[in-house]
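Survey of secondary and tertiary structure
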There are 2 protein chains.
Amino acid sequence: MTDQKIPRATAKRLPIYYRYLNILLDADKTRVSSTELSDAVKVDSATIRRDFSYFGALGKRGYGYDVESLVKFFKKILNQDRLTNVGLIGVGNLGHALLNFNFHQDGNVRISAAFDVNEELANTIHSGVPIYPMTDLRKQLEEQQIQVAILTVPADVAQEVTDDAVAGGVKGILNFTPLRITVPKDVRVQNVDLTNELQTLIYFLEHYNHKD
Amino acid sequence: MTDQKIPRATAKRLPIYYRYLNILLDADKTRVSSTELSDAVKVDSATIRRDFSYFGALGKRGYGYDVESLVKFFKKILNQDRLTNVGLIGVGNLGHALLNFNFHQDGNVRISAAFDVNEELANTIHSGVPIYPMTDLRKQLEEQQIQVAILTVPADVAQEVTDDAVAGGVKGILNFTPLRITVPKDVRVQNVDLTNELQTLIYFLEHYNHKD
DNA sequence: TGATAATTGTGAAAAATATTTGCAAATTCT
DNA sequence: AGAATTTGCAAATATTTTTCACAATTATCA
């Protein structure tokens, strides 16, 4: 919104930087150069400087970057400074695992509500997260002002559930279904298609014998 | 190996094409044109033809593509025609879910062995998959000729486990740990960093108000 | 203090990747 | 046979990402 468009490639590296910077912070390092970072995260130092530069001048020439302020900066950029509540839609196999999955290693993302069609699951609490019936999806999302949803429902209901979630105010969806859901253009979808990932992996395996 | 390098963007679209072609097949459609496909999968028809052309001349001018042979062809390309055995390393939350996860909707991928350090888990069977102690990792991978592994271990042991798996002959790793593991260049790693995906999603959410 | 070394930030070039155009060639359809 | 389709593909274009290269700035040390 405020800042200009950051390249997708850069955005994807931000969490990687952030993670390593935190390690440095824990190790009480006060400064770090792009070259040092480069070694650790396996990204060319020029690329790192370029990436950082999209956010302005974060470093000091002849010195490098101050670890603490860099962490603080990225914490803000990556919304790690406040809790983001996330809804989990579909408590099957995968959904269940994600309930237990420790998303908030660095303490910013929390699944605060889950939904399932299964009446028996509904109104119980799993891993500290209340599970609501699917019929309450929209209402609960609205009430709890949840803007991010993880979609782990069967493919055949993916679209209708999505529509419902969007109606409930969701603006970002982490989509684990193999379906390419359709959403209004102000809603962002990030697809995580595990089957697809495996297939692509196997494809490359069979057809090339090298990394890239 | 045999075929030349296919662009990553193309490779990622293959499963999408494949999925839709199967739908056509089920609906007893015998032919399809790139234009028709285009509508369905939301990819420009020229791009589709370009994509297909990497694999040779699959269609007939003036006619289009024969659905059945196309499906057959992609089935082979995507290794859907034979079972790929996969090892699951680390039966924690996520690992457990993946054991149950129906990877082989179209019947080609099967987790045939799982591994965990937990002595109590080892030597039991979960969801029909035998769980071996981590100490047997290399041996079992070798014996069962497993070339693909799903890595769902804690980050702090990710690298050593990887080394072990690679020693056991693994050529492809679906890496769920947040660590960027180091492997020989003939081993391919596909990273699935859920925390990262969520963070990136949230980042885009906060910073742009449009899809792309 | 002044010289030397380190390091950023960034314009511009280069490289990599991906899409689109345009059309000859082949095929079908009537 | 002639019109209408539709592929396959070379080449052009567009987009995205990385890298180069160096002035500007700051730190460090003799």
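From a predicted model like this one, the values you see are computed outputs, not experimental measurements.

Calculation criteria
- Residues numbered from 1 in each chain as written.
- Chains lettered and ligands numbered in written order.
- Predicted model: local features only at pLDDT ≥ 70, side-chain atom pairs only at ≥ 80, totals over all residues.
- Heavy atoms only, no water.
- UniProt positions renumbered as here; feature names shortened; annotations may be inferred.
- 1 Å grid on protein atoms, 1.4 Å probe; cavity = no way out; pocket = protein on both sides within 12 Å on 5 of 7 lines; lining within 4 Å.
- Helix = DSSP H or I, 4+ residues; strand = E, 2+ residues; numbered from the N terminus.
- Contact = heavy atoms within 4.5 Å.
- Buried < 20%, exposed > 50% of the residue type's maximum accessible area, 1.4 Å probe, protein only.
- Points joined across faces, edges and corners; volume = space filled by probe spheres on them.
- Nonpolar A, V, L, I, M, F, W, Y, C, P; charged D, E, K, R; others polar.
- Pairing = 2+ DSSP bridges.
- Near = heavy atom within 4 Å.
- Polar contact = N/O pair within 3.5 Å; in protein donor to acceptor, adjacent residues only side chain to side chain.
- Least-squares fit on C-alpha atoms with pLDDT ≥ 70 in both.
- Axes fitted to C-alpha atoms, helices over the stretch in contact; angles between N-to-C directions.
- Salt bridge = Lys/Arg side-chain N within 4 Å of Asp/Glu carboxyl O.

**With respect to the UniProt feature "binding site: NAD(+)" (unreviewed entry) in chain A**
Residue and element names in this part refer to chain A. On the UniProt side, "binding site: NAD(+)" (unreviewed entry) is annotated at positions that read Gly90, Val91, Gly92, Asn93, Leu94 and Gly95 here. Looking only at the residues we just named, the second largest pocket is lined by Gly90, Val91, Gly92, Asn93, Leu94 and Gly95. You can see Val91 is positioned in the loop between strand S3 (84-89) and helix H5 (93-100). In this view, Val91 contacts His96, Leu99, Ala114, Phe115, Asp116, Leu121 and Ile131; residues no more than four positions away in its chain are not counted. Look at Gly92 and you get partly exposed, because its relative accessible area is 35%.

**What to know about the environment of A:Ala155**
All names here are of chain A. Residue placement: Ala155 occurs in helix H7 (residues 155-167). As for Ala155 and Val117, which are separated by 38 residues in sequence, their C-alpha atoms are 14 Å apart. Discounting chain neighbours no more than four positions away, the residues touching Ala155 are Pro178 and Leu179.

**Some thoughts on the layout of surface pockets**
Which parts of space are left empty comes out when a probe the size of a water molecule is rolled across the atoms. Size it by volume and the second largest pocket reaches roughly 510 Å³. Lining the second largest pocket are 26 residues, with A:Thr152, A:Val153, A:Pro154, A:Ala155 and B:Phe101 sitting closest to its centre. At the level of secondary structure, the elements contributing two or more residues to the lining of the second largest pocket comprise H5, H7 and helix H8 (194-207) of chain A. Looking at the lining of the second largest pocket element by element, the count peaks at 4 residues for H7(A). Residues belonging to the lining of the second largest pocket are distributed by class as follows: 14 nonpolar, 9 polar and 3 charged.

**Let's talk about the environment of B:Gln80**
Mapped onto the elements of the fold, B:Gln80 is located in the loop between helix H4 (67-77) and strand S3 (84-89). For the pair B:Gln80 and B:Leu98, spaced 18 residues apart in sequence, the C-alpha separation works out to 19 Å.

**Focus on the sheet that holds strand S9 (residues 188-191) of chain A**
Neighbouring strands of a sheet are bound in pairs by backbone hydrogen bonds; such pairs are parallel or else antiparallel. Taken in spatial order, the 7 strands of this open sheet run S5-S6-S4-S3-S7-S8-S9 (chain A), and their pairing is mixed. This sheet does not close on itself; its edge strands, each paired only once, are strand S5 (125-126) and S9 of chain A.

**Some details on the protein's contact with DNA strand C**
In the vicinity of DNA strand C lie 28 residues, with A:Ser34, A:Arg50, A:Gly59, A:Tyr65 and B:Arg13 positioned nearest. Backbone sugar and phosphate groups make up 60% of those atoms of DNA strand C lying within 4 Å of the protein. Measuring from a base nitrogen of DNA strand C, one finds a side-chain N or O atom of A:Arg50 at 2.8 Å. Contact distances for DNA strand C include 2.9 Å between a phosphate oxygen and a side-chain N or O atom of B:Arg13. Elements supplying a minimum of two residues to the surface near DNA strand C: helix H3 (45-53) of chain A together with helix H1 (8-26) and helix H3 (45-53) of chain B. Class assignment for the residues of the surface near DNA strand C results in 8 nonpolar, 8 polar and 12 charged.

**Focus: the relation of the copies chain B and chain A**
Between chain B and chain A, the superposition needs a rotation of 180° and an axial shift of 0.3 Å, giving an RMSD of 0.4 Å. Read as a symmetry element, the transformation amounts to a two-fold axis. Every residue of chain B has its C-alpha some distance from the rotation axis, and the shortest such distance is that of B:Ala97, at 2.8 Å. Taken together, the interface assignments show that 97% of the residues at the interface of chain B recur at the interface of chain A, consistent with an identical surface on both copies.

**Looking at the UniProt feature "DNA-binding region" (unreviewed entry) in chain A**
Summarizing the sequence annotation, UniProt attributes the feature "DNA-binding region" (unreviewed entry) to residues 16-55 of chain A in the numbering used throughout. Taken as a whole, residues 16-55 of chain A contains 70% helix and 5% strand, while its terminal C-alpha atoms sit 16 Å from one another.

**Focus on the protein's contact with DNA strand D**
The environment of DNA strand D is made up of 27 residues, and the closest members are A:Arg13, B:Ser34, B:Gly59, B:Gly62 and B:Tyr65. A distance of 2.6 Å is found between a phosphate oxygen of DNA strand D and a backbone nitrogen or oxygen belonging to B:Ser34. Within the contact set of DNA strand D, a base oxygen lies 3.0 Å away from a backbone nitrogen or oxygen of B:Gly62. If you list the elements that add at least two residues to the surface near DNA strand D, you get helix H1 (8-26) and H3 of chain A together with H3 of chain B. Across the surface near DNA strand D, the residue classes tally to 7 nonpolar, 8 polar and 12 charged.

**Notes on the sheet that holds S3(B)**
Residues and elements named next belong to chain B. Within the open sheet, the 7 strands sit side by side as S5-S6-S4-S3-S7-S8-S9. Their pairing is mixed. Each having just a single partner strand, strand S5 (125-126) and strand S9 (188-191) make up the two edges of the open sheet. Across the sheet, helix H7 (residues 155-167) lies against S3, strand S7 (148-151) and strand S8 (172-175), angled at about 170° from S7, the strand it touches most.

**Digging into the pattern of salt bridges**
Residue and element names in this part refer to chain A. The final tally for this structure, using the stated rule, is 10 salt bridges over all chains. Here Lys29 makes a salt bridge to Glu36, at a shortest N to O gap of 2.5 Å. Here Glu36 falls in the partly exposed class, since its relative accessible area comes to 34%.

**Describing the side chain of B:Asp51**
Residues and elements named next belong to chain B. When you line up the elements, Asp51 lands in helix H3. Judged by relative accessible area, Asp51 falls into the buried class, the value being 2%. Once residues within four sequence positions are removed from consideration, Asp51 is found in contact with Thr10, Arg13 and Tyr17.

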